[in-house]
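# Examining the three-dimensional arrangement
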Amino acid sequence: MINIKENERLEMLNHSCAHLMAQAIQHLYPQAKFWVGPAIEEGFYYDIDLGDEVIKEEDLERIEREMKKCAKDAKNIIRHELTKEEALEKFKDDPYKIDLISRMDENETVISCYSQGDFTDLCRGPHVANTKELKYFKLLKFSGAYWKGDSNNKMLQRIYGVCFDNQEDLDNCLKEIQEAKERDHRKIGKEQELFMNHELVGSGMPLWLPNGAIIRKQLENYIYEKEQKLGYLHVYTPCVGTVDLYKTSGHWDHYKENMFPMMKVDEEEFVLRPMNCPHHMLIYGNKLHSYRDLPIRIGEFATDFRYEASGAVKGLERVRCMCQNDAHLFVRPDQIGEEFKKVVSLILDVYHDFGIKDYKFRLSLRDKEDKEKYFDDDQMWDEAEAKLREVLKDLGVEYFEAIGEAAFYGPKLDVEVKPAVGPEVTLSTCQLDFLLPRRFELSYIDSNGEKQTPVVLHRAIFGTFDRFTAFLIEETKGAFPTWLAPTQVKVIPVNPEYQGDYGEEVNNLLLENGVRSELDNRNEKLGYRLREAQTSKTPYTLILGDQEKQDKTISYRLYGEKDTTTLPQKEFIQLIKKEIDEKRLREKR
Ligand code: TSB
Ligand code: ZN
């Protein structure tokens, strides 16, 4: 996807197109007041106060038509410069512009406006010279957006669009947007009945349907087995803790705005937990440890609750109730490097198994100025950040740095991926923490018999099962590898009346062999049933006619392919079981 902001000409075109849209809206909605309308990576948007009016889908076309008209008027886009006083006077009836002007830097002595015909907007520019240059544009979508992003403020209407220099670029962009929509895990999740939401449960609280639950169970089994082999000890802990627990950990001071509010039960004050570290710290502290016992790796598939802004909640990707593939590794200072490297190689191993190639490592550091988010101990932070950089250098992985993205307790190495729609998100994470072990007064006895404080690595390979599944749906476009597919085989007798019994026999044989098979014995045309097996993206479709019934064979077709192969029953079972056992990716089949 083209990044509009990386091309000066495109950025200017899109910014000018935002003005053109505002002009058209002013014609159609005379009461409209305009907040800001920048060019963004995907094109442009404008935030508009339309009074009581709410934009509907069909309005976009109407606005677009008016934009074409305004563009054809071929008005020059002219810059004027004003003093602050003049600007305040000019926009005195527009509270939004007054707000912008009043907040402008003292040093900004000149304030610029751009006019095109009957429309003037406060703006720094630059713009194209004439509206006739704006020919190849499209309005894409709209949403509500709180003024200044604050939910206590009025909800404005945000309309998005995109503009190019030629029809071909616009068409390509629209095609990409369409493809991304097709890949969106929310769409596929609905079509394939993977998960649902219900207002009675609440926003950001998805319900995993049977098909989605099969995928999740496979993911759990997969990562559990890997972690077992690597010496992780899995536990179960409650998804609440007392306020005191989170005061001890520091979450109460540094993470409160991400937490659900406290609830009182008898005399105890509880919170739904946003993270599992405090519970695991208590488990570590439950007995004495010698330096020889370390590292101790405590893992859990743990449910957490976080307050995410309602506008940010998205399918399975950003939820308020999530399940982390979490672990806390308690190590001696001399073990940090080795243990960290083991985590990174586990991440790489898992990505290889899933065929994930498009990702970036991000070194997430603290923002030194932000004393509220980060605990105040420069020495501890410097030590942790230096250690992490050293490990990354040893590993030789490429990464970029991001200030202000660290956890409140320490720096992180995050893995960033790009969803079909929307900005990048973090999948895996590995975090270095010198703080929580101190706050929980954890210790081990060193070789001299002295008490020492362990260091903790927080890590989540999948991140959460929720986000990882969202990502997987989009990566595979819903055509999961056989080992993950909710239905692995569709058994279709050519004519249920004649081969229905054979279909049942084959279906049962598959089920007995642990293959997730489904018999389609419906009284529907063969073509219809085959098409349905295709649209559901089932990996194997079995087509059983008289010949197969007579020879006790199986004819199968792979999803997305036209050829049919015939094998004896036993051989087919062997073939599919091997593919499942090896967790083979589709392209490696
Ligand atoms: C790794 N205490 C650590 C843990 O030990 C922790 O909670 N880290 S985290 O805050 O980064 O969260 C772990 C992972 O959860 C993230 O890397 C991300 O992949 C995933 N995640 C975070 N917020 C959400 C959310 N709202 N919805 C879905 N997944 C999320
Ligand atoms: Zn943690």
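See the structure printed just above.
Structure report, in brief. (Residues numbered from 1 in each chain as written. Chains lettered and ligands numbered in written order. Predicted model: local features only at pLDDT ≥ 70, side-chain atom pairs only at ≥ 80, totals over all residues. Heavy atoms only, no water.)

### Structural notes on the overall build of the protein
Looking only at helices and strands, the protein features 18 helices and 28 strands. Across its three principal axes, the protein shows a C-alpha extent of roughly 85 × 80 × 55 Å. The buried share among the 589 residues of the protein stands at 51%. Across the protein, contacts joining residues at least 24 apart in sequence account for 71% of those joining residues at least 6 apart. Accessible area of the protein: about 29200 Å², with a carbon and sulfur share of 48%. (Helix = DSSP H or I, 4+ residues; strand = E, 2+ residues; numbered from the N terminus. Buried < 20%, exposed > 50% of the residue type's maximum accessible area, 1.4 Å probe, protein only. Contact = heavy atoms within 4.5 Å. Areas by Shrake-Rupley, 256 points an atom, 1.4 Å probe, with all protein chains shown as cover.)

### As for the packing of aromatic side chains
Using the criterion set out here, one finds 24 aromatic pairs in the structure. Seen from their ring centres, Y540 and F572 are 5.6 Å apart, and the 80° between their planes marks the pair as edge-to-face. One end of the pair, Y540, is in strand β26 (residues 540–544); the other, F572, is in helix α18 (residues 569–581), and 32 residues separate them in sequence. One exposure class covers both Y540 and F572, and it is buried. Each ring, one from Y556 and one from F572, has its centre 5.2 Å from the other, and the planes form 45°; the classification is tilted. In this pair, Y556 is assigned in strand β27 (residues 553–558) and F572 in helix α18, connecting sequence segments 16 residues apart. Residue F572 is classed as buried on the basis of its relative accessible area of 0%. Here the aromatic residues Y222, F301, F354, F462, F465, F468 and W483 are joined through ring pairs into a cluster of three or more. It is R216 that lies over the ring of W208; its NZ or CZ is 4.8 Å from the centre. Above the ring of W483, the side-chain terminus of K583 is found at 5.2 Å from the ring centroid. (Phe/Tyr/Trp six-rings, centres within 6.5 Å; stacked < 30°, edge-to-face > 60°. Lys NZ or Arg CZ within 6 Å of the ring centre and 35° of its normal.)

### Some remarks on the sheet that holds strand β28 (residues 565–568)
The strand order β25-β24-β26-β27-β28 describes an open sheet built from five strands, whose pairing is mixed. Lying at the two open borders of the sheet, with one neighbouring strand each, are β25 (517–519) and β28. Neighbour-to-neighbour, the strand axes of the sheet open up by a mean angle of 30°, direction not taken into account. In this fold α18 packs onto β24 (489–493), β26, β27 and β28, with an angle of close to 105° to the strand it touches most, β28. (Pairing = 2+ DSSP bridges. Axes fitted to C-alpha atoms, helices over the stretch in contact; angles between N-to-C directions.)

### So, the site of ligand 1
As a structural note, the neighbourhood of ligand 1 is formed by 23 residues, with E308, V319, D326, L427 and T464 the closest of them. Contact distances for ligand 1 include 2.9 Å between an oxygen atom and a side-chain N or O atom of R306. Taking T426, its main chain carries an N or O atom lying 2.9 Å from an oxygen atom of ligand 1. A total of 610 Å² of accessible area belongs to ligand 1 in isolation, and the protein chains cover 95% of it. Among the elements of the structure, β16 (321–331), β20 (425–433) and β23 (455–464) are those that each provide at least two residues to the shell around ligand 1. Take the shell around ligand 1: its biggest share by element is five residues, from β23. Classifying every residue of the shell around ligand 1 by side-chain character gives seven nonpolar, eight polar and eight charged. (Near = heavy atom within 4 Å. Polar contact = N/O pair within 3.5 Å; in protein donor to acceptor, adjacent residues only side chain to side chain. Nonpolar A, V, L, I, M, F, W, Y, C, P; charged D, E, K, R; others polar.)

### Notes on the pattern of salt bridges
For the structure shown, the criterion picks out 48 salt bridges. A salt bridge links E317 to K314, with the nearest nitrogen and oxygen atoms 3.2 Å apart. Grouping residues by exposure puts E317 and K314 together as buried. Residues E582 and K578 are paired through a salt bridge, measuring 3.2 Å at the closest nitrogen-oxygen approach. Through salt bridges with shared partners, one network takes in R362, E405, K412, D414 and E416. (Salt bridge = Lys/Arg side-chain N within 4 Å of Asp/Glu carboxyl O.)

### A closer look at the coordination of the zinc ion (ligand 2)
All of the protein donors around the zinc ion (ligand 2) are C277 (SG), H328 (NE2) and H458 (ND1); their distances to the metal are 2.0 to 2.4 Å. If you list the donors of the zinc ion (ligand 2) from N- to C-terminus, the spacing comes out as C-x50-H-x129-H. One end of the pair, C277, is in helix α10 (residues 277–284); the other, H328, is in strand β16, with 51 residues separating them in the sequence. H328 sits in the buried class, given a relative accessible area of 0%. (Donors = N, O, S within 2.8 Å, 3.2 Å for Na, K, Ca; no water.)

### Describing the side chain of S115
Turning to its location among the elements, S115 is positioned in strand β5 (residues 111–116). Among all residues touching S115, those that are not within four sequence positions of it are N76, I77, I78, H80 and T120.

### Some details on unusual backbone geometry
The omega torsion across G125 and P126 is -5°, close enough to zero to call that bond cis. Within the secondary structure, P126 is located in the loop between β6 (119–122) and β7 (136–146). Geometrically, the link from L294 to P295 is a cis peptide bond, its omega value of 0° lying close to zero. Structurally, P295 can be placed in the loop between α10 and β15 (296–305). Despite not being glycine, E193 shows a phi value in the positive range, around 50°. Among the residues examined, E193 registers a relative accessible area of 51% and is labelled exposed. Although it is not a glycine, K477 adopts a positive phi angle of roughly 50°. Mapped onto the secondary structure, K477 falls in the loop between α14 (465–476) and β24.

### Some details on the environment of D378
Inspection of the secondary structure assignment puts D378 in helix α12 (residues 378–395). Taking the C-alpha atoms as reference, D378 lies 8.2 Å from K368; in sequence the two are 10 residues apart. Looking at D378, its side chain comes within polar contact range of the side chain of R366, at 3.2 Å.

### Regarding the pairing of strand β17 (residues 360–365)
For β17, a buried count of five out of six residues is recorded, marking the element as mostly surrounded by other parts of the structure. Two elements, β17 and strand β19 (residues 412–417), share five bridges in a ladder whose sense is antiparallel. In the sheet register, R362 faces β19, and the bridge partner there is D414. Once you follow β17 into α12 and on to strand β18 (residues 399–403), the crossover reads as right-handed. (Right-handed = clockwise from strand over helix to strand, strands pointing away.)

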